[in-house]
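Results of the structural survey
One-letter residues, chain by chain:
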Amino acid sequence: MRLEPKPAPSLAVTLLYPVGAIIVTFLIASLLVLAAGASPFSVFYLVAKGAAGSQFALLETLTRATPLIFTGLAVAVAFRAKLWNIGAEAQLYIGGVVTVVLGTGALPLPSYLLIPIIMIAAMAAGALLLLGPAILKTRFGVDEVVTTLLLNFIVLLFVSMLLEGVLKDPTGLGWPQSSKVIAEAQLPRIIQGKRLHYGFVIAIVSAVICWVIMKKTVLGYEMRAVGNNKEAANFAGIPVNRVLIKTAILSGGIAALAGFSEVSGLKGNLTLDLSPGYGYSGIVVAMLAMLNPLGVIASAIFVAGIFVGADAMSRTAGVPSYIAQVMVATALLTMVTAILLTRYRVRWK
Amino acid sequence: MAASIGVEQGAPAQADIVLRLDGITKRFGPLVANNAISFTLRRGEVIALLGENGAGKTTLMNILFGHYVADEGTVEAFGKPLPPGDPRAALDAGIGMVHQHFTLAENMTVLENIALGTQSPWSLRLDRAAARRRIEKLSADFGLTVHPDATVATLSVGERQRVEILKALYRDARILILDEPTAVLTPAETDALFRTLKLLVAQGLSIIFISHKLNEVMAVSDCVLVLRSGTLAGERTTATTNRAELAALMVGQEVSSPPVSAPRTGPVVFELKNVSTARQGTTTRLDGLSLALRAGEITGLAGVSGNGQSALASLISGTLQPASGEMVIGGSAAGNWSPRAALASGIGRIPEDRHAVGTIGDMSITENVISERYATPRFSRHGFLDWKAARAFAEEIIRDYDVKAPSPEARIRLLSGGNMQKLILGRALDSEPAVILANQPTRGLDVGAVAFVHRRLLEARDRGAAILLISEDLEEILALSDRILVMSKGQLSSPSKRGERSIRELGELMAGHGEVNDAA
């Protein structure tokens, strides 16, 4: 088996690749469902129904998609410049920490001032967190995959320390959780009485802004040039290191918004289970979207749908909801393969 | 000179056919890379495969060697059909290929490289003594001197090529394919290679020699196949053809070297005074180098690659900072040096490697032509790019520099080498820079594109640009340069005016013999 380069496929064909990857993912998941002793058709029907079969399901899927849009965007913009930010999880938690530090009464301001201040502060903290690995990379050539990945564990332990210490809710019966944010620091719900909150709108707006940055601005051009061919970009006078630093600031900032939006819009306080791996799932979301910021919206909703749908399905069909994790992981592998196939043709002997 | 020592011409000793290609067709999407190509190779024969870049030579050889699978047609070696797409089968059938870019493991010895892959992966030890005996015998028989225990990383380019040839011979190759073998060699090394080829042919091996260089093709081959845009444009017996006829077959029209008027030399516009650079990896560094470029003059820098040209080119391009010494551009000393500073001080740069350094392959033509100037008000305002202006600029370059491209939105990777180089030329020359660095501007280009690049460089000279032409192609240096310097071991020779030094004298300077003058 060999790979041969081939010319770029048309846009329509390119769009078929994620679809193909998803179909293959379902086929592979079917085998596991069969192994669990259920019918793939009824299981996938139940997943789809659980994800989008009712207003409640749909709103739940969009709610779950919100942090995934942020982390997916953070990964998409970073990967475009070939800055391998695997640390969206840590940046998310830092965003959550800033939200409870500023939002639990320290700043007695009205909503229209407090929320923007918290957002900016959270973004700054997330940016700062990724700045370290970015500087180590540009100055000393330290691999950012290692540093950002390991920072995830460091930050999670740091958050754990805060929740057992200074940020611990005095009324929390000893649980490692922070106090609730004040009403002025809460993002309102889009529909009264439902869980979907304005974090979803902020996520959509962020995606549009990222798309504009990548397509229309000097920075987006520089990021794509650096990601495509660093050496040629440097030769042409593009300040490669400065672009990587700016990319880190953008990516880390967006990832931190995921933490802000979860605390301020949904959970109300910070706990150690704020994120069931949204930072890592963001990588899948970004890859499924082929790093396109607008595509991130669709792929985040898709991935969220699988998680939400699988939860509902496991309650009725008795197939463990872990199937969702397997499917998302398989989707990443098939998508990476599909992206390879957009550029190469496989020749079998 | 390469042409001075040739392989004896005339009919091959025996006329038995060792290789037969029949109706080979290969398509890449809409592009037909090879169109129904048939030819035969006989025992003891040297066939030259001549053609422009993109004419389909490499594709054809990759099919022969099993890297690609032909859409139509068959290959037959020694009377037996060769299974398509199987390099192993090609090797077993006795076909050896010496690639243009060597495929050696640098951290291993010559012996290890040659024996690599000849034994079963399950065998526990390498029979070094037997391998050494064979290598020494092959070396002696064919004049391929190289020490079996030397680490490949320490070898010169010429020596590495010998290792590649030994590798093929060690595997009992009876047919040897050489892809642009002389592109990286000095004239003396080329002569040695041709002597080796002669010995191989005398032993009954058959050779396919891929080249752009007409004089070498004339010197070394029995028979010439000319490829043009994927089809066989002509098949000639070397003894009864001439360079002009072959050149015409290659491009489909007669070509001539550009007329060169007398230079109107102006003041010094770029000067290096006693400049040294820090060592970068294994490249030769500059040590106290001085160089002055005058307006309206082309300074040709000849030399074998690896003698400090890349450090000098990086320095002028802005990707390398001087460690000591002074750089004076247009009368003022250069400050903080970077590619952007180089561009800002009016230096137009044509890099040596257009794929890795000159262009960003997966970005469009438009995105590539603005890469050196996207931050200027012409192409961006308040951080937003003006894609309309960028596209208009790309269309302008495509028109003015005769680039064949489907559209400004096409990915630059899809262009041929010549068209890519024309775009780079357009990007560098459009702003009428006062200083131009042209580093190997025509390497690997076809005759038509070479003439185009030469004409544009001469036009730039005539409007008053100071040009530094770095090239390993002595003919190019001699054709264009008003003043010639030779670089060897990081040092420059004294300059010579057009026609002052003979090719042989330049060759000796390139080889590091003769006087060295550090104040050029």
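Residues numbered from 1 in each chain as written. Chains lettered and ligands numbered in written order. Predicted model: local features only at pLDDT ≥ 70, side-chain atom pairs only at ≥ 80, totals over all residues. Heavy atoms only, no water.

Here we look at helix α9 (residues 309-317) of chain B
Residue and element names in this part refer to chain B. Threshold: Each residue's exposure class comes from its accessible area (1.4 Å probe, protein chains only) as a fraction of the maximum for that residue type: buried when under 20%, exposed when over 50%, partly exposed otherwise. Counting from the N terminus, the helices are the DSSP runs of H or I reaching at least four residues and the strands are the DSSP runs of E reaching at least two.
The buried count for α9 comes to eight of nine residues, which makes it a mostly enclosed element. Along α9, the positions that sit buried rather than exposed are Q309, A311, L312, A313, S314, L315, I316 and S317. Of the residues flanking the end of α9, it is G318, one or two places downstream, whose phi is positive at about 100°.

Some points on the UniProt feature "transmembrane region" (unreviewed entry) in chain A
Convention followed: UniProt positions are given in the numbering used here, feature names are shortened, and annotations may be inferred rather than shown by experiment.
Mapped onto this numbering, the UniProt entry gives "transmembrane region" (unreviewed entry) at residues 12-36, 56-78, 90-107, 113-136, 148-167, 196-214, 280-310 and 322-341 of chain A. Helix makes up 85% of residues 148-167 of chain A and strand 0%, with an end-to-end C-alpha separation of 25 Å.

Remarks on the interface of chain A and chain B
Selection criterion: In this description, contact between two residues means that some pair of their heavy atoms is separated by no more than 4.5 Å. What counts as buried area is the accessible surface, traced by a 1.4 Å probe, that two parts surrender upon association, with contributions from both included. Take a side-chain nitrogen of Lys or Arg and a carboxyl oxygen of Asp or Glu: if they are within 4 Å of each other, that pair is a salt bridge.
Opposite the 27 residues of chain A that make contact, chain B presents 36 residues. Each partner contributes to the roughly 2,700 Å² buried at the junction of chain A and chain B, and carbon and sulfur atoms together form 56% of this total. On the chain A side of the interface with chain B, the three residues burying the most area are A:V218, A:Y221 and A:F235, jointly 27% of the side's total. There are one salt bridge connecting chain A and chain B. Only β1 (2-5), α7 (199-216), α8 (218-228) and α9 (230-235) of chain A provide two or more residues apiece to the side of chain A that touches chain B. By residue number, the principal contributor to the side of chain A that touches chain B is α8(A), which donates six residues.

Here's the deal with helix α3 (residues 55-80) of chain A
Residues and elements named next belong to chain A. Where we set the bar: The span expected for a helix works out to 1.5 Å for each residue beyond the first. Two axes enter the bend calculation: one fitted to the seven residues ending at the residue in question, the other to the seven starting there, and the bend is the angle between them.
Compared with an ideal rise of 1.5 Å per residue, which puts 26 residues at 38 Å, α3 spans 35 Å between its outermost C-alpha atoms and is within 8% of the ideal. The largest bend in α3 comes to about 30°, at T66, with the proline P67 one to four residues further on. At the C-terminal side of α3, K82 shows a positive phi close to 55°.

Some remarks on the nonpolar core
The line we're drawing: In plain words, nonpolar cores are sets of buried Ala, Val, Leu, Ile, Met, Phe, Trp, Tyr and Cys residues tied together by side-chain atoms within 4.5 Å.
Grouped together as the largest cluster of nonpolar side chains are 155 residues, with contacts concentrated most on A:F260, A:L270, B:I365, B:I370 and B:L423. Looking at which element gives the most residues to this core, the answer is α3(A), with 13 residues. With near-sequence residues (within four places) excluded, A:L270 lies in contact with A:Y93, A:G96, A:V97, A:V100, A:V159, A:L163, A:Q177, A:S178 and A:V263. Residues B:A115, B:A131, B:I207 and B:A219 belong to the second largest nonpolar core, which totals 36 residues.

Things to note about the side chain of A:N229
Put simply, the rule is: Here a polar contact means two N or O atoms within 3.5 Å. Within protein one must be a hydrogen donor candidate and the other an acceptor candidate, and residues neighboring in sequence count only if both atoms are side-chain atoms.
Its place among the elements puts A:N229 in the loop between α8 and α9. A:N229 gets classed as buried once you look at its relative accessible area, which sits at 14%. There is a polar contact of 3.1 Å between the side chain of A:N229 and the backbone oxygen of B:T359. Ignoring anything within four residues of it in the chain, the contact list for A:N229 reads B:H355, B:A356, B:T359 and B:I360.

Structural notes on the sheet that holds strand β15 (residues 332-333) of chain B
Residues and elements named next belong to chain B. Our working rule: Strand pairing is assigned whenever DSSP identifies at least 2 bridges connecting the two strands. Angular values range over 0 to 180 degrees, each being the angle between N-to-C directions of two axes fitted as lines to C-alpha atoms, with helices fitted over their stretch in contact.
In space, the four strands of this open sheet follow the order β12-β11-β14-β15, with antiparallel pairing throughout. At either end of the open sheet lies a strand with only one pairing partner, and these are β12 (289-294) and β15. Where strand β11 (residues 268-277) lies against strand β14 (residues 322-329), six bridges are found, and the strand directions are antiparallel. Note on β14: the bridge partner recorded for S276 is S324. Its contacts with the sheet put α9 on β11, β12 and β14, and the angle it makes with β11 is roughly 125°.

Examining the pairing of strand β16 (residues 347-350) of chain B
Residues and elements named next belong to chain B. Here β16 shows two buried faces, one formed by I347 and R349 and the other by G348 and I350. As judged from the four bridges shared by β16 and strand β19 (residues 435-439), these two strands associate in the parallel manner. Within β19, the position partnered with I347 by the bridge is V435.

Structural notes on the domain arrangement of chain B
All names here are of chain B. Counted only if it meets this: By convention here, the domain bounds are inherited from an automatic or database domain assignment. Each residue gets one label: Ala, Val, Leu, Ile, Met, Phe, Trp, Tyr, Cys and Pro are nonpolar, Asp, Glu, Lys and Arg are charged, and the others, such as Gly, are polar.
For chain B, the assigned domains read domain 1 (1-94 + 174-189 + 203-254), domain 2 (103-173) and domain 3 (268-510). Taken together, the contact between domain 1 and domain 3 spans twelve residues of the former and twelve residues of the latter. Across the domain 1/domain 3 interface, buried area totals approximately 1,000 Å², and carbon plus sulfur atoms make up 60% of it. If you look at where domain 1 meets domain 3, you find zero salt bridges. Along the contact surface separating domain 1 from domain 3 lie zero residue pairs in polar contact (both at pLDDT 80 or more). The biggest single contributor to the side of domain 1 that touches domain 3 is helix α8 (residues 243-251), with three residues. When its residues are assigned to classes, the side of domain 1 that touches domain 3 shows six nonpolar, four polar and two charged.

Description of the sheet that holds strand β3 (residues 46-51) of chain B
Adjacent strands of a sheet form backbone hydrogen bonds with each other and so pair up, either parallel or antiparallel. All names here are of chain B. Pairing is mixed in the open sheet, where six strands are placed in the order β6-β7-β8-β3-β9-β10. A single partner strand is all that each edge strand has here, and the edge strands are β6 (95-98) and β10 (231-237). For this sheet, the mean angle separating the axes of adjacent strands, direction not counted, is 20°. Pairing of β3 with strand β9 (residues 223-228), which is carried by five bridges, proceeds in the parallel orientation. Bridging across to β9, L50 finds its partner in V226. On the sheet, helix α5 (residues 157-170) packs against β6 and β7 (175-179) and is oriented at approximately 170° with respect to β6.

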